[in-house]
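Structural features, examined
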Amino acid sequence: MIELIKQEIKQKIESKYNLTQVIVEEPKRGFADIAIPLFNLSKEWKMNPKLVFDKIKDDVLVEHVERIEFMNGFLNIYLERKNLSEQILHNIFEKQNHYGDQLLEDKQSVVMDYSSPNIAKSFGVGHLRSTMIGNSIQLIYKKLGYKTVAVNHLGDWGTQFGKMIVAYQKWGKKEDVQKNPIAEMQKLYVKFHDEEKNDDTLEQQARDVFKKLEDHDEVYTELWQWFKEESMKEFMQMYDLLNVSFDYFTGESFYNDKMDAAVEELEQKHLLKVDDGATIVDLGDDMPPALIKRSDGATLYITRDLAAILYRYRTYGATKLLYVVGNEQQLHFKQLKKLTDLLGYNFDIEHINFGLVLVDGKKMSTRGGKFKRLEEVIDQAIVLAKDAIMSKNPNLKNQDEVAKAVAIGAIIYNDLKNDKHLDVDFDLENMLKFEGQTGPYLQYSSVRIESIVKGYDIDIDQVNADVYKQDHYFEIVKSLAQFPNILHRAKDTSSPSVISKYVMSLAQAFNSFYGKERIIVEDISVLQANLLFARSIQIIINESLRLLGIKSLKEM
Ligand code: ARG
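Here the structure is a predicted model, which means the values were calculated and not measured.

1. Concerning the overall build of the protein
A count of helices and strands for the protein gives 21 helices and 13 strands. Projecting the C-alpha coordinates of the protein onto the three principal axes gives extents of approximately 80 × 65 × 40 Å. By the burial criterion, 39% of the 556 residues in the protein qualify as buried. Of the contacts made within the protein by residues no fewer than 6 positions apart, 73% connect residues no fewer than 24 positions apart.

Written out as structure tokens, the structure is:
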């Protein structure tokens, strides 16, 4: 609503005076509802700001504008609060969780590649970040009307499987792998690297095995399949817990029969070069060449990503492709973009990278054995959440379910609360607190509203919208009206943190409002106004949480 008013004013001024980029902003609390800084216009027209004000003041008097003033070089606009608030709240209440949905006429497919853990290795913290960031971005795109294709590009192909197979055949035991698949496979992998120091033929053996695997060797294929199934069991548990799903689990191996065509395409454009037996593509002076095939003909990570992107383009018609992957792969995605440019495509490739996860200031790694496995960390969070819930609300039904939602919500919010490029501090105790910038605080805010308004029906016709004229109401109404805009900003910057910061300030605003004002009052029309107000806040909190991947609760 307020966004529309801003747009209208902006367009009116721009078209009337033949200008572009006139700034019409919503200043921070306290000042006007909308402000136009006059400095630029004053320069442009060589007039002092007050004269600029006089010149354009009638142009801003659109619907819902109540009064304007000149102050410190700004044209300040105050909105008519009553009807505007009523419209905004009605709209939210009518649309419920669909408030802010956008319907796109021409549905564009956007492929999102995230999570993508590696088979036979544990699900790393980096993969956890990728999963949560990717999931949220996917939900945001969907809400804004895009057709999303969520792909899990499992790391299930490559020389490392040659190593795994060699190691397993030399030192592995079937029962051990069955009992503890990923841990055991990881051990074998480590052993392979240790033994390599004594036996310099191992590396070559692994390469030979992988080459045979690419050529469909039966025994190796069967082993590989088994490793994959065992790993997938663990990964699926993780996704279940996080409530994350994918449209496709097409890992690297999926492209085994699609790489020839991709290489052929490079060949036809005369891009391939043989260098020391290997097949490469020169990518110019500002980056190293892309290695497409080793001298023995085995393919590489980038070969599979090239086949994958061409497949995604042809199968889903996608020209926009997002990859949520750690920073260390920056060069890889630059090379991929360059390769596809050279082939004559103009894909919009966005590499969404993110900061590290730190424990006590040190990089958290679930690989080195220094930290517990991620599943154990999550289980521990659930136990802690359950303790907290039991002490707060001992009679709560379905405590286990709530504890799970709180624990997972805490981990997700902790991950998404700051700009994705920043490192994340992983401190279970802090993230599980019911106060401060935490997931539980947000869930609790929603539960609190539920407990206040539960049992009261809203009757829109009885609402006395005069109450919304008061500052402490109107400030919150304005922030609710910003929600659609927030979604666009989150999408445009691929930043779930835009939503996480927004919902935090909304929850805080409600809680401080509730510290001053009662919701349940005698006067029916004020009561109705309050109910509509509180429910609308709850709707936006819950929908924001959903977009972050966090469950909202009715009780906790
Ligand atoms: N499996 C890779 C890793 O763990 C990430 C894959 C990302 N996606 C892609 N299309 N390359 O590092």
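2. Re the domain arrangement of the protein
Assigned domains within the protein: domain 1 (2–79), domain 2 (114–123 + 145–152 + 158–250) and domain 3 (369–548). Measuring from the centre of the C-alpha atoms in domain 1 to the corresponding centre in domain 3 gives 34 Å. Facing four residues of domain 1, the contacting portion of domain 3 comprises five residues. Each residue belonging to the side of domain 1 that touches domain 3 can be placed in one class, and the counts come to one nonpolar, no polar and three charged.

3. Focus on helix H10 (residues 218–242)
For H10, built from 25 residues, the straight-helix expectation of 36 Å at 1.5 Å per residue is met to within 8% by its first-to-last C-alpha distance of 36 Å. Listed as buried for H10 are Tyr220, Trp224, Phe227, Ser231 and Phe235. Where H10 is buried, its residues meet helix H6 (159–171), helix H8 (181–196) and helix H9 (202–214). Positive phi appears at Asn243, one or two residues downstream of H10, with a value of about 60 degrees.

4. Things to note about the sheet that holds strand E9 (residues 320–324)
Overall, parallel pairing links the four strands, which are arranged E5-E4-E9-E10 in an open sheet. Edge positions in the sheet fall to strand E5 (147–151) and strand E10 (348–352), since each of these pairs with one other strand and no more. In this sheet, neighbouring strand axes are inclined to one another by 20 degrees on average, regardless of whether the strands run parallel or antiparallel. Pairing of strand E4 (residues 109–113) with E5, which is carried by five bridges, proceeds in the parallel orientation. When the sheet's bridge partners are listed, Met112 is paired in E5 with Ala150. Relative to the sheet, helix H13 (residues 330–342) contacts E9 and E10, its axis offset from that of E10 by approximately 180 degrees.

5. A short note on the UniProt feature "domain: DALR anticodon binding" (unreviewed entry) in the protein
As recorded in UniProt, the sites labelled "domain: DALR anticodon binding" (unreviewed entry) are residues 442–556. Between the end C-alpha atoms of residues 442–556 the distance is 12 Å, and the span holds 69% helix and 0% strand.

6. Focus: the site of the ligand
Taken together, the residues surrounding the ligand are Asp113, Ser116, Asn118, His153, Gly155, Asp305, Ala308, Tyr323 and Val325. A breakdown of the residues in the shell around the ligand according to their chemical character gives three nonpolar, four polar and two charged.

7. Re the sheet that holds strand E12 (residues 362–363)
Across the sheet, which stays open at both edges, the three strands sit in the order E12-E11-E13 with mixed pairing between neighbours. Bordering the open sheet on either side are E12 and strand E13 (424–425), each of which pairs with just one other strand.

8. Things to note about unusual backbone geometry
In this model, Lys46 sits at a positive phi of 50 degrees, which is unusual for a non-glycine residue. Turning to its location among the elements, Lys46 is positioned in the loop between helix H2 (39–45) and helix H3 (49–56). The backbone of Asp276 sits at a positive phi, close to 55 degrees, despite the residue not being glycine. Looking at the element boundaries, Asp276 is found in the loop between strand E6 (272–275) and strand E7 (278–281). A tally of 6 C-beta atoms within 10 Å means that Asp276 is categorised as exposed.

9. As for helix H21 (residues 524–548)
The terminal C-alpha atoms of H21 lie 36 Å apart, and with 25 residues this matches the ideal 36 Å at 1.5 Å per residue to within 8%. Counted residue by residue, H21 has 21 buried out of 25 residues, so it is predominantly covered. Where H21 ends, the next residue or the one after it, Gly549, has phi of about 95 degrees, a positive value.

10. Things to note about the nonpolar core
Note that soluble globular proteins tend to have their nonpolar side chains buried in a common cluster. Counting 122 residues, the largest nonpolar core has Met112, Val406, Ala407, Ala410, Leu480, Val503 and Ile537 as the members making the most contacts within it. Among the elements that take part in this core, H21 stands out by supplying 13 residues, more than any other. Residues in contact with Ile537, not counting those within four places in the same chain, are Ile449, Ile476, Leu480, Leu506 and Phe510. Formed by 23 residues, the second largest nonpolar core is a distinct cluster that contains Phe161, Val209, Phe210 and Leu213.

11. What about the environment of Leu154?
Inspection of the secondary structure assignment puts Leu154 in the loop between E5 and H6. The class of Leu154 is buried, set by 22 C-beta atoms lying within 10 Å. Counting along the chain gives 248 residues from Leu154 to Val402, while the straight-line C-alpha distance between them is 31 Å. Dropping the residues within four chain positions of it, Leu154 is found in contact with Ser116, Pro117, Ile119, Phe249, Gly251 and Glu252.

12. Side note on the environment of Gln11
Residue placement: Gln11 occurs in helix H1 (residues 2–17). Taking the C-beta count within 10 Å as the criterion, Gln11 has 13 such neighbours and is therefore assigned partly exposed. Each C-alpha atom, one on Gln11 and one on Ser253, is 52 Å from the other, the two residues being 242 residues apart in sequence.

13. Section: the pairing of strand E1 (residues 34–37)
Residue alternation in E1 divides its side chains into a buried set, Ile34 and Ile36, and an unburied set, Ala35 and Pro37. Pairing between E1 and strand E3 (residues 74–79): four bridges, direction antiparallel. Residue Ile34 lies in a different strand from E3, and its bridge partner there is Ile77.

Basis of the calculations
- Residues numbered from 1 in each chain as written.
- Predicted model: local features only at pLDDT ≥ 70, side-chain atom pairs only at ≥ 80, totals over all residues.
- Helix = DSSP H or I, 4+ residues; strand = E, 2+ residues; numbered from the N terminus.
- Buried ≥ 20, exposed ≤ 12 C-beta atoms within 10 Å, placed from the backbone.
- Contact = placed C-beta atoms within 7 Å.
- Domains from an automatic or database assignment.
- Nonpolar A, V, L, I, M, F, W, Y, C, P; charged D, E, K, R; others polar.
- Expected span 1.5 Å × (residues − 1).
- Pairing = 2+ DSSP bridges.
- Axes fitted to C-alpha atoms, helices over the stretch in contact; angles between N-to-C directions.
- UniProt positions renumbered as here; feature names shortened; annotations may be inferred.
- Near = placed C-beta within 6 Å.
- Core = buried A, V, L, I, M, F, W, Y, C linked by C-beta atoms within 7 Å.

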